[in-house]
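Residues per chain are reported as follows:
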Amino acid sequence: MARKMLNGGELGQTNEEEAHYDFDLFVIGAGSGGVRASRFSAQFGAKKVGICELPFHPISSQDIGGVGGTCVIRGCVPKKILVYGATFGGEIEDARSYGWELNEKVDFNWKKLLHKKTEEILRLNGIYKRLLSNAGVKLFEGEGKLVGPNEVEVRQLDGTKLSYSAKHILIATGSRAVRPAIPGQELAITSDEALSLEELPKRVVVLGAGYIAVEFASIWRGMGSTVHLCFRRELPLRGFDDEMRAVVARNLEGRGVNLHPRTNLTELIKTEDGIKVITDHGEELMADAVLFATGRAPNTKRLNLDAVGVELDKAGAIKVDEYSRTNIPTIWAVGDVTNRINLTPVALMEGTCFAKTVFGGTPTKPDFKNVPCAVFSIPPLSVVGLSEEQAIEEVNGDILVFTSTFNPMKNTISGRQEKTIMKLLVEAETDKVIGASMCGPDAAEIMQGIAIAVKCGATKAQFDSTVGLHPTSAEEFVTMRSVSRRIAGSKPK
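These numbers were taken from a predicted model, which means no experiment stands behind them. (Residues numbered from 1 in each chain as written. Predicted model: local features only at pLDDT ≥ 70, side-chain atom pairs only at ≥ 80, totals over all residues. Heavy atoms only, no water.)

**Brief notes about the overall build of the chain**
- A count of helices and strands for the chain gives 13 helices and 23 strands.
- Relative to a compact globule of 493 residues, whose C-alpha radius of gyration would be 23 Å, the chain shows 24 Å and is just as compact.
- Projected onto its principal axes, the C-alpha positions of the chain cover 75 × 65 × 45 Å.
- Across the 493 residues that make up the chain, the buried fraction comes to 48%.
- The long-range share in the chain, meaning contacts at least 24 apart out of those at least 6 apart in sequence, stands at 62%.
- Total accessible area on the chain stands at roughly 23,400 Å², and carbon and sulfur atoms take up 51% of it.
- Each charge class in the chain can be summarised by its mean position, and for the 59 positive and 61 negative side chains these summaries are 3 Å apart. (Helix = DSSP H or I, 4+ residues; strand = E, 2+ residues; numbered from the N terminus. Rg over C-alpha atoms; globule rule 2.2 N^0.38 Å. Buried < 20%, exposed > 50% of the residue type's maximum accessible area, 1.4 Å probe, protein only. Contact = heavy atoms within 4.5 Å. Areas by Shrake-Rupley, 256 points an atom, 1.4 Å probe, with all protein chains shown as cover. Lys, Arg positive; Asp, Glu negative; His and termini not counted. Charge placed at Lys NZ, Arg CZ, Asp CG, Glu CD.)

Here it is in structure tokens:
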């Protein structure tokens, strides 16, 4: 029987005889992308699907992980739970203006929240295991690695090794936090440990400018800690719209986070009073915890990729084509391990596309255009489409910028001095909305709806013709009539 293979982006026939394999698909890594790919592959007709994952633990290492992966166990989900917890700090302050008579001192119990967080990730870990079981996917607990183009090895907890053949192998091992090589770096923690600290640190230094750094700065400050955020550039959140970056920085300072732009750390020293943090300006900061949020690296080192010939890029990520296939035709990869867009919903999309391509009979490329994302700072930032800087680089003609800055209704009573800002970018020639940004309460919830419109190619006229939902902040997106500025196209048509 001829075997169908994806060849050059199209389904083609090979003359090879169908070989016998233990599995139609074996997946290494049971995070969001791996679980989605294995479940959907089984639904699309893969007769035997196996998946392996390291044993569960909130803090990952080379030997521990857990079904559900980074997002569920030590990423998006537990982080968002802590964001909710931290947000109550400001809400309690604001509640007094709404008539709530509260004691001056309101206690916060970190250990209680931590316990509730752990209960939730254990629940989700169990749900993910049941999803695999219900789909007929066989789960192996242990470390997986490649042996050949069609062979994997699983080292179980007791050290025994199992070897299986597979028609297709999918790598979905995600990424892991990295530590900068500075003296005393062993005294610092990463986001893994930050989500499981036994005690709430009263003094924190955060190194980094990405969403993880900004979010943890917001979390700890919301819980009453003194927070110093150090980053190398003028503003945090490189890659986001510059106007929005400035708003986030102002909000962080307004909430009491101490910002240290153009600052790096040079040494950490353990003392009786905590950790002494030395900056490259010679400044000394004292901390109970130092968080390194300086990036993540693909989990590829222990997969034995070299022996099989799977190509990596300079960052150690697995190189794949537009269908998520590596240079070895039987080996595929999705999620953070490929270092494309490192977001959970993107890994889910990639896993779905893989299953459709390989087992669904419908070759499907992941679509990375207009992917929405959010930074769960307090208040949050959310965006979809192009930033103003990206639009200037990519759009041939003029760009119309619409902005709205206002005091949310809730703040008019509480007296909180924190503006919400919204922004739309429109291609002048086509009237198409090519970018949307918002920093303010509920930004992520609102932006999911805006993302549908942007994905569908909605025009500014269609935004304007939409009736607003009153009274909400969201209605501002359909009432911005005046152009804030027009940017002349820099590229020839």
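So that's the structure; there's more coming.
**Observations concerning the packing of helix α1 (residues 32–43) against helix α9 (residues 344–358)**
- The N-to-C vectors of α1 and α9 enclose an angle of 25 degrees; their axes lie 8 Å apart at closest approach. One way to sum up the angle between α1 and α9 is to call them roughly parallel. Between α1 and α9 lies a crossing of right-handed hand. Packed against α1, whose contacting residues are S32, G33, R36, A37, F40 and S41, the element α9 presents T344, A347, L348, G351, T352, F354 and A355 at the interface. (Axes fitted to C-alpha atoms, helices over the stretch in contact; angles between N-to-C directions. Parallel < 35°, antiparallel > 145°, perpendicular 65-115°, else oblique. Left-handed = near helix turned anticlockwise from the far one by under 90°.)

**Side note on the confidence of the model for the chain**
- Across the chain, pLDDT averages 94, with 96% of residues at or above 70.
- This model gives residues 1–17 a pLDDT under 50, and the stretch forms 32 contacts once residues within four places in sequence are excluded. (pLDDT = per-residue confidence, 0-100.)

**Section: the layout of surface pockets**
- The space that makes up the second largest pocket amounts to roughly 820 Å³.
- Residue lining of the second largest pocket: 34 residues in total, with E91, K410, P441, D442 and A443 positioned closest to the centre.
- When residues of the lining of the second largest pocket are traced back to their parent elements, those giving at least two are α3 (76–95), α11 (409–414) and α12 (443–455).
- Considering each element in turn, the lining of the second largest pocket owes the most residues, 7 residues, to α3. (1 Å grid on protein atoms, 1.4 Å probe; cavity = no way out; pocket = protein on both sides within 12 Å on 5 of 7 lines; lining within 4 Å. Points joined across faces, edges and corners; volume = space filled by probe spheres on them.)

**A short note on helix α6 (residues 211–222)**
- Under the 1.5 Å per step criterion, the end-to-end length of α6 is 16 Å for 12 residues, consistent within 8% with the ideal 16 Å.
- Every buried residue of α6 is accounted for by I212, A213, V214, E215, F216, A217, S218, I219 and W220.
- Looking one or two residues beyond α6, the residue adopting positive phi is G224, at roughly 100 degrees. (Expected span 1.5 Å × (residues − 1).)

**Examining the pattern of salt bridges**
- For the structure shown, the criterion picks out 31 salt bridges.
- Across the pair R203 and D288 runs a salt bridge, and its minimum N-O distance is 2.7 Å. Placement of the pair is R203 in strand β9 (residues 203–207) and D288 in the loop between β14 (284–287) and β15 (289–292), with a sequence separation of 85 residues.
- One salt bridge connects K319 with E311, and the closest N-O pair in it is separated by 3.9 Å.
- On the basis of relative accessible area, E311 is assigned to the partly exposed category, the value being 40%.
- Among the ionic contacts, a cluster of salt bridges with common partners joins D241, E243, E388, K423 and R485. (Salt bridge = Lys/Arg side-chain N within 4 Å of Asp/Glu carboxyl O.)

**A closer look at the nonpolar core**
- Core analysis: the biggest nonpolar cluster contains 43 residues, and V206, F216, W220, M223, L229, L291 and L381 have the highest contact counts within it.
- Elements that contribute at least two residues to this core include exactly α3, α4 (110–134), β9, α6, β10 (226–230), α7 (242–254), β15 and β19 (381–385).
- Take this core: its biggest share by element is 7 residues, from α6.
- Counting residues in each nonpolar core, the second largest holds 25 residues, with A42, V49, V67 and V334 among its members. (Core = buried A, V, L, I, M, F, W, Y, C linked by side-chain atoms within 4.5 Å.)

**Considering the packing of α1 against α4**
- Remark: α1 packs on α4, axes separated minimally by 9 Å, with the N-to-C direction vectors making an angle of 25 degrees. With respect to each other, α1 and α4 are oriented roughly parallel. In this structure, α1 meets α4 at a crossing whose hand is left-handed. Every residue of α4 that contacts α1 at S32, V35, S38 and R39 is listed here: Y128, L131 and L132.

**Considering the sheet that holds β9**
- Strand order in this open sheet of 4 strands is β11-β10-β9-β15, and the pairing throughout is parallel. Strands with a single pairing partner mark the edges of an open sheet, and in this sheet they are β11 (258–260) and β15. When strand polarity is set aside, the average angle formed by the axes of neighbouring strands in this sheet is 15 degrees.
- In terms of strand pairing, β10 meets β11 through 3 bridges, oriented parallel. (Pairing = 2+ DSSP bridges.)

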